Structures are given as structure tokens and as C-alpha cells.
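The lines below spell out each chain.
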Amino acid sequence: MADAAVEFLLENLQQLLLYHVHLIKDAKEQVERLERDLRLFKSFLKDSTKKRRREDSLRELVCQIRDVVYEAEDVIDAFVTQATESRSKNYFLRAFQTPVKLLTIAKEVEKVGAKVRDIYGDKGKFDFASLNVGGGGPEESEIPVPRQENVVGFEDEVEKLIGYLKEETDALDVISIIGMPGLGKTTLAGKIFHDPDIQYEFPTRIWVYVSQEFTKKKVFLDILREFTRLNDDIFQKTETELVQLVTSHLSRGKFFIVLDDVWTSEDWDKLKIVLPKSNKLGKVLITSRHKEVAWHVNHDRGPHNLRFLTQEESCLLLQLEVFGKARWPSAELEVLGKVIAEQCKRLPLAIVVIGGILLKKFSASNEMSAKVKAWDKVSQSVSEHLTEDPQRRMEKIIALSYDKLPFHLRACFLYFGMFPEDSEIPVWKLIRMWIAEGFIQPKNGLNLEETAESHLEELVNRNLIRVDKRKPDGKVKTCRIHDMLRDFCKYEAGNGRENFLQEMKKSNEGDFDPLICNVEKCRRLCIHSNFSSFVSSRPFGPHVRSFVCFSKEDINLPAESCSFIPAAFKLLRVLEVKPIKFTKIPSDLYHLVHLRYITLSFSLAILPSAFSKLWNIQTLIVDTTSRTLEVKADIWKLLQLRHLKTNASTILPKTVKSSKDGEKLQTLGTISPQNCTEEVFDKCRSLKTLGIRGKLSLLLDRKSVSFDSLGRLGNVERLKLVNDVFPDLPSEGRLRGLPPPYQFPPKLRILSIGDTFLDWSQMSTLGLLENLEVLKLKDNAFKGNKWVAADGGFRNLEVLHIGRTDLIIWKASAHHFPRLRCVMLRNCERLQEIPVELADIPSLQLLDLYRCECVASSAKKIQEKKIQNANENEQEEEQAITVTFKLSIFPPAE
């Protein structure tokens, strides 16, 4: 997409001009001129997204800008690569049809700059001023009519919301319904609006469609229409006069107003001036896609999050849409119908749209066999049929949210199309890929990771992305995107639209879609199945910047095929191929100097020194079958490196004195204990996450290395300690004790320990870590039959995870863990019971048990006591906030 491409290229050019000007000395003047040209239309692109859908001439212009920027990007990156190392000359001769020489590169950059100036300055071709981008009045939009037929589900939602509307309050009450596009917010509001109880309760009921594009005057007139006949005199009144008139009508008596489709908090502020807060008989119901709007309109109640349909409701809605009644005409259609309904992922709009398509196919023939055949074809490609809908309802309704996204979120949202369907997406991986792509720009007071996290929260609040799991601090740990939204991302970002990303999939005919030959045009590629077949086809993508594979199966790449990926994609910035097991590291990989993010899997015990050539690398993730990994590459010279993540006990190279070495490192793990020295940690002042794997006793012996060094890591918040004494038995590496609390990092919030075989008495040391919020005691972290919790510790602990252990008796009371929210027990097969006193912890929300059969009865007692305590609190104080408690037991108790 042009927006993200311009932003990234500008950032890239600034970095070149500031830090690597020696690489572009023969083309510096042209690069500077190009940088100035790009700035001329950056602001124009920012606000033009919505108009692009309606104006073909504008869309054509934006495509030209995008292609010019892509061309400039490729030319400059190829130039920088060749300038970095002369030996790469032959490598790039194979990548580009014409030789890449310094003088010709300068001319290419000049040519690109000329295209930019031509597009921007040719008024005969396109007059920017006439576009009125970002200005002008609202467009006329189709007003959605709430469905009153075939409304399925929502009975529980309606009952709950009507209960709110009947409550007596001290002032005007505002209730909000939020949810993702197509979930049925307007339908639910309409069902409430037409409910007989509401009609009886509120003689004055007013429905106002707000939408993205509205005028205050029109909304005020829509409200007035319910009280009086609109005449020329009223139409000629000013906004101020209308406000007074509307307010006077609403100040007396009962009324119920639905404000459908409120988009921003600012929109609400413009409209609320006519809603008299003093009228406690008034009720307002708003629908919105944005969580922040709901909290803004009512700080006390917050939003009502609309749920998805159940599978049964989905099937019922599909039957009503196609047949007009709750009945399948044949067993074959019932089977296919349920498959199709399931593929709609419980989204009402998707079911309605596909229902219309199935109705046509059902009516097209009188032969049941033909109907079954047609439905079977739909069941194999539901998402494709949804995008082929003549009215494009799915696309249109999602596009409303997409077009409303701020400039900085559009590329971030479309990037979700790179991940597999219905996958749980780790946020740490997502945001590091965003950063590597250049989507995240620096903000004052925030680092790039924090800025990326705020972008994700914005997408969550807009109901475009769903939270799957959250961390103890409330940040998103994993997330998901609904399949219909993912399909939109793929469609909008595809080669036919933005040329932003492309998924490679095999068609029913056995060919790749798109064809292998079309890879040459792509900017980003993802492939999640048939990887071996794809690679063996020898794809060629000189413009591909990201190559991603999240296959569910591990794939062993033969030695002769290992070089195919770097040979095919020579300008990569992101390489995420963890399921692909490399039998050797191809030398071509070290030519990919634009790589910023890479995940590699292999069986080697050495990370070669040639990795030092990847001077742009920000995130380096290595997964190896070896227990140890010796890093020969001089990572201290990789000045952009922010995250080094391995699963082995990693031996780092020797440090040298330099003020900049390691200054950006935030993640380091898992490193060998022998690297826990003052020299190493002095270089890692920005370190936030540290993992150590190996013989931890070395840190406690205080000989060549010492645990003392960790206490100097003032920014570390996460620490993982894995005691690996192989080839000795794990039990033979048992630690005698833990260091005193002051030797741990002072800001430590999350601690994970495994295979240390500590005595339970040592838990008192961990209890004195003042900022500790999450404690994960993995397999064999502590051994012994009895744990008696000590007083005065774990003041801030919120999550306690206990893995495989021989613990039998656990004694504790509520005051030992005053802020505990979650207890997770894994394979604690000998534990007799969980302290029932934990039920008295007000914050306790979750008790999650996996293969801990003996404690099931005590867990149920805790659940019963939590329910009893909640009921007592509600009786004592009406406004008391009770914490919802959940008990999870696997395998389920009989």
C-alpha cells in the first residue's frame, strides 16, 4: 500500500543519510531530492483512503505513487547491498536483469524522483486541489434498517439490556452495545426498540442513525420529528436554536433514544448537548464498533460486548434465510448446511450473505442432486463466495472500519492476512514483525515495542482484533482475527488491490494460486501448506520483502534446497520460517543484509560468524535441537539488534569495549551461566527480558561468574532460570538455595524457574521480591512433601504456576497471597488439596488444574465458597464489584 511504502522509504532514506551516507555517496544528491519529493504527497496519502474507493482517477494516482515508491525502494536497497560488499556483485547480477552499477543506480534514483515530481505536479493529469481531500460535507449513505424478520439468538442479550433500561437511575442513563462489523449490533438494538415491554415502558421512542458522516442539524431534526411536524420555520433555525428546542422536549417525561452507529467520542460530545442529564427518566442506547466510545459515554457502566452466535443459532439463521423455516429439506443439505454455517464463524452478517447465495443455488434447479452438488461447491470455498457477493456487503461493512483507521494502523491491520486462518497469534512475534516491516514509527516517551502495543490495543478497541490471552499487567499476550476480517485483509492487500501481501495456496486443480510465475510481482508472501512443493518450483521474487510460513507440520529442508529461499528473495526484511528445519545454513543467507527479523530452525550447535554481516538485524530467533549454541557471530557489532532469542544454552562471543555495543538489546536468552558477567551486563543496560540455561550452581559459587551481576540489571522485568546439568541427571544438579532478594533484578515482575529441585523453604526468598507479579515454578523447580507459606511475602503476586512436583501438603491462607488472581497447577499428582482459605482472596479469578486429580474436591469447595462470598457481598452493598470466578479441571472429574 502506498501509505506504508512511503512511510517506510522515508524512514529508510533518513537512516541512510544519517548513519550510512558512505554507502550512497555516488547518489547522495538524488536520494536527498527523492526524500524531499516523497514528503510533498505524504500528507495527501494520509487522508485519501476513503475517497480512493469512490474515485477511479484518485485510485489510479495512488497506484502510480505506490509503484514509484516500490521501484525506488528496490533500487536503493539493491544499491546499498552491492555497496556493502563487492563480492555480492555476482549475486545481484542473478537477481536483476540488468547489472546493478553505482552510476546506473544514481540514474535510476533520478528517474524515480522524476516520476514522483511528474505525478505530483502534472495538473493536467490530476488536480490535487479539486479533490478536497479530508474536507467537504458528508456523503449520502444508505441508512441500515434493523432486521425484524429471521432474527435469531440475542434473547439473553435482549433480556439483560431491557433490564438495564428498566432500572431507576439518578440521572439520564446511557447504555452501549459494541462489537465487530457484521455482528448484529443494529439488529439487537432494533429488537429492543420494537420489544412490547419497551413500547409500553417508553411511549416516546426515537431511532437516529448517526454513522461516520453526519451533521448535528440532521440528527437534531430527526429527534424533533418525533415531537412536532417539521416546517420551513424549523428547517431555518440555527443549530443553537435547535439545541434549545430539542432539549426542551427531552427535559420532561420518559423517552428512549437509539443512536445507531456512533463512531467517535467526539461525535458523542457533539450530540449529547441535547440530552438533558437531569432527566432521570430518559434512556439512551448507542451502538458502536469502538470500545473507547462506550467507556466515554458512560464511565460507570461500560460497554455491553455483543457475543457471537452459537453453532445452533448459526444453523437456525441459515435455515430461515434459505428456506424461510427451521427445517432442512434433505439430510444431504443438512450436513452441508452445518459445514457452511460453521465456516461463517458464528458471524450473523456472513450467514445472511451466504444464505442469499445458497437460496439462489437452491432455487436454480428442481433436482435435489443438483442442489446438493451446488451446495457442496459452496461448502468448499465459503470465503470466496462471500467476496463474490454482487452487493459486496461483507466488504462494504468492513471497509467502513478500515477506511476510518488512522494512517498508522492500516498496514498493521492488513498484516494480519499473513497469519493462518483462526490462528492464535503471539503478540511478541507480531509486533517485532511490524517493527521490522517499518510500520512502527518512534513516539516521544515510548520505545518501538511500546508504540506497537498501543497500536494493537487500538485495533482491539475498534473490534477488529480479538484478545485471546492477556498478561498479568493487562497487556495482550495472544490475539486472533476473525476469519471474515482476515479475508478482507487478504482481499484488500492482494495483488489486485494494494499489492501489499499475497498468500500462496494450492487450488483444487493442483496449481498454486497465484501461479508461481506471478511471485515476481509480490511484495510479501505467506505460505502455510504445501511448502516443499512451492520451494521445489524454484520461485523467483526479486521484490519480495517478507516471506512467512506458519505450517502446522515441521518440514525438513534437504541440503540441496536450503539455498532456494535466499536465492529467490534477495531483498527480504522479514523471514519467519520456524517450521522449516534447515539441514545447513546456506551462504546466500548472509547476502540478505536488509533482514531485520529472522526465525531459523536447525540442528547446529554453532551460529556462524557470517551472521555478523546482517547489520540491519533487529530480531534474531534461533530454534535448535542442540542443547548448547555457541555464537561465533559478533552480535555486539550488530547495532540494531534488539532481541536475541534462542532455546539452547547460548555461549556469547567475547565483549570488547565500545559505548554503543549492545545498547539496544532488550531480550537476551537463553544464555549460558558463564556469560552472566559484569562485562556482558554492562553492555545490556536496556535489557528487559533475560533467560539463563545451564548449570545454575555456577552463579551461586561466586567464582568466575556471580548472581550479583543480575542485581545491576535495572530494567529487567522478566527472568527465566533453567537448570540444565546434562549429561548428569537433573536431580544431581539440585541447588542448595537461592541468593538473597537484593541480588535479583530490582524491577523483576515475572520469574520462571525449572529443574532446580529447591526445597520449599526457599519460597520465602522469592516472597520478598517486592515487584514480583508472576511466578512460574516449572517442572521440578521445588521438591519436597510439604510447603507452608511464610508470612509477609508475595505482596504483589498475581499469577502462581506450579508444574510437575512431588508436593503433598500445601498450607496457606488468604493473607499470604493478598493480590492473587490466578493459580495454575500442572501434573501435581500427589498434592492432596488446595488450601480452601484461598477462596477468601477477593481478587482470585481462576483456578486451572491439569492432571491434578486429588485436589478436585478442594477446588470445588473453593468455587462454592467464592460464590457464597460473592452473594454475601452483593447483599451487604448493592454497588459492590464482585470478581467472576472460573474453575477449570482437566481431565473433567466424573
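Rules and cut-offs
For every chain, the first residue of its written sequence is number 1, and the numbers climb from 1 along that sequence. Residues qualify for local features only when their pLDDT is at least 70, as the model is predicted, and side-chain atom pairs are given and counted only at 80 or more; totals for whole chains, interfaces and linings, by contrast, use all residues. In computing side-chain values, all of the structure's heavy atoms are included and hydrogens and water are not. UniProt positions are given in the numbering used here, feature names are shortened, and annotations may be inferred rather than shown by experiment. Each residue carries a pLDDT score, the predictor's confidence in it, ranging from 0 to 100. Any two residues whose heavy atoms approach within 4.5 Å are treated as being in contact. Throughout this description, the term salt bridge denotes a Lys or Arg side-chain nitrogen within 4 Å of a carboxyl oxygen of Asp or Glu. Runs of E in the DSSP output that reach at least two residues are strands. Runs of H or I that reach at least four are helices, and both are numbered from the N terminus. The definition of a nonpolar core used throughout is a set of buried Ala, Val, Leu, Ile, Met, Phe, Trp, Tyr and Cys residues joined through side-chain atoms within 4.5 Å. The classification of residues rests on relative accessible area computed with a 1.4 Å probe and restricted to protein chains. Under 20% of the type maximum is buried, over 50% is exposed, and intermediate values are partly exposed. A pair of strands is labelled paired if DSSP reports no fewer than 2 bridges between them. The span expected for a helix works out to 1.5 Å for each residue beyond the first. Throughout, the arc means the angular range of directions from the helix axis out to the C-beta atoms.

The UniProt entry for the protein chain carries the following text under Sequence similarities (unreviewed entry): "Belongs to the disease resistance NB-LRR family."

Attention now moves to the confidence of the model for the protein chain. The predicted model of the protein chain averages 85 in pLDDT, with 86% of residues at 70 or higher. Segment residues 91-102: pLDDT under 50, and 24 contacts once partners within four positions in sequence are set aside and those in other chains are kept. Low pLDDT, under 50, characterises residues 878-882; the stretch is placed with four contacts to residues that sit more than four places away or in other chains.

Throughout the structure, instances matching the rule amount to 43 salt bridges. Asp 74 serves as the salt-bridge partner of Arg 545, at 2.5 Å between the closest nitrogen and oxygen. Taken together, the residues Arg 545 in the loop between helix H25 (531-536) and strand E13 (546-548) and Asp 74 in helix H4 (residues 56-84) connect sequence positions 471 residues apart. Connected through salt bridges with shared partners, the residues Asp 422, Glu 424, Asp 468, Lys 469 and Arg 480 form a single ionic network.

Looking now at the nonpolar core. Side chains that are nonpolar tend, in soluble globular proteins, to be buried together. By size, the foremost hydrophobic cluster in this structure holds 113 residues, and its most contacted members are Phe 547, Leu 751, Leu 766, Trp 810 and Phe 817. Sorting elements by how many residues they give to this core places strand E15 (residues 574-582) first, with four residues. Other than its neighbours up to four places away in sequence, Leu 766 contacts Leu 738, Phe 744, Leu 751, Ile 753, Leu 772, Leu 775, Phe 782 and Phe 794. Within the second largest apolar cluster, 96 residues are counted, among which are Leu 285, Leu 333, Leu 349 and Ile 357.

Let us look at the sheet that holds strand E6 (residues 425-426). Whether parallel or antiparallel, the strands of a sheet pair through hydrogen bonds between backbone atoms. If you trace the three strands from one edge of the open sheet to the other, you get E6-E8-E7, paired in antiparallel fashion. Two strands close off the open sheet at either side, each with one partner strand: E6 and strand E7 (466-470). Here E6 runs beside strand E8 (residues 476-480); their pairing, made up of two bridges, is antiparallel. From the neighbouring strand, Pro 426 faces E8, where its bridge partner is Thr 478.

This part covers helix H18 (residues 368-379). Along its twelve residues, H18 runs 16 Å from first to last C-alpha, staying within 8% of the 16 Å computed at 1.5 Å per residue. Among all positions of H18, only Lys 371, Val 372, Trp 375, Val 378 and Ser 379 are buried. Around the axis of H18, the buried residues are gathered within 120° of arc, so they sit on the same side. Exposed residues pointing more than 90 degrees away from the buried face of H18 are listed as Ser 369, Lys 373 and Lys 377.

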